[in-house]
Amino acid sequence: MNEDLSVLFDRIRALLDPRRNGSPAPPVEEVEHTLTDGYARALALEGERLRVERRIRELAGSAEDATEASALSSRLAALDAELGDLRDLLRTLAATL
């Protein structure tokens, strides 16, 4: 997970924490801004995922590019995990509105 995504995850979790502790809800504007940032990041990750998939298809069957294909497969798995985690957090945050 890159640093930008880590920071976004921290922002979302910080907004969700007061809800768990019975504290007052964070300002709606802050939640909406964070949701917007999160949805934009999810779209960027999905775009990267599509580019990685396309490149893997281009390399299919090429023995010379096996190392690159392996690295891309690892990146694809990481993107899937990041997207899943982000979507779960965004769904939870959106439900607070």
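Because the structure is a prediction, the values reported are computed rather than measured. (Residues numbered from 1 in each chain as written. Predicted model: local features only at pLDDT ≥ 70, side-chain atom pairs only at ≥ 80, totals over all residues. Heavy atoms only, no water.)

Draft legend 1. Region of the structure containing the overall build of the chain. A tally of regular secondary structure across the chain gives three helices and zero strands. Here the chain has a C-alpha radius of gyration of 17 Å; the compact-globule value for 97 residues is 13 Å, and the former is much larger. Over its C-alpha atoms, taken along the principal directions, the chain stretches across nearly 60 × 20 × 20 Å. Considering the chain as a whole, with its 97 residues, one finds that 27% of them fall into the buried category. When contacts within the chain are restricted to residue pairs at least 6 apart in sequence, those whose partners lie at least 24 apart make up 70%. As displayed, the chain offers around 6,100 Å² of accessible surface, 52% of which is attributable to carbon and sulfur atoms. (Helix = DSSP H or I, 4+ residues; strand = E, 2+ residues; numbered from the N terminus. Rg over C-alpha atoms; globule rule 2.2 N^0.38 Å. Buried < 20%, exposed > 50% of the residue type's maximum accessible area, 1.4 Å probe, protein only. Contact = heavy atoms within 4.5 Å. Areas by Shrake-Rupley, 256 points an atom, 1.4 Å probe, with all protein chains shown as cover.)

Draft legend 2. Fine view of the side chain of Thr34. Within the secondary structure, Thr34 sits in helix H2 (residues 28-59). Since its relative accessible area comes to 2%, Thr34 is described here as buried. Setting aside its immediate chain neighbours within four residues, Thr34 contacts Leu8, Arg11, Ile12, Leu15 and Leu93.

Draft legend 3. Summary view of the pattern of salt bridges. Taken as a whole and assessed by the stated rule, the structure comprises nine salt bridges. Across the pair Arg91 and Asp88 runs a salt bridge whose closest N-O atoms are separated by 2.9 Å. A residue pair is termed a helical-turn pair when its members lie 3 or 4 positions apart in one helix, as Arg91 and Asp88 do in helix H3 (residues 66-94) at three residues. On the basis of relative accessible area, Arg91 is assigned to the exposed category, the value being 52%. Within the structure, one salt-bridge network assembled from shared partners comprises Glu48, Arg75 and Glu82. (Salt bridge = Lys/Arg side-chain N within 4 Å of Asp/Glu carboxyl O.)

Draft legend 4. Molecular detail of H2. An ideal rise of 1.5 Å per residue puts 46 Å on 32 residues; H2 measures up with 46 Å between its terminal C-alpha atoms. Looking only at H2, the buried set comprises Val31, Thr34, Leu35, Gly38, Ala42, Leu45, Val52 and Leu59. After H2 finishes, the residue Gly61 shows a positive phi value of roughly 85 degrees. (Expected span 1.5 Å × (residues − 1).)

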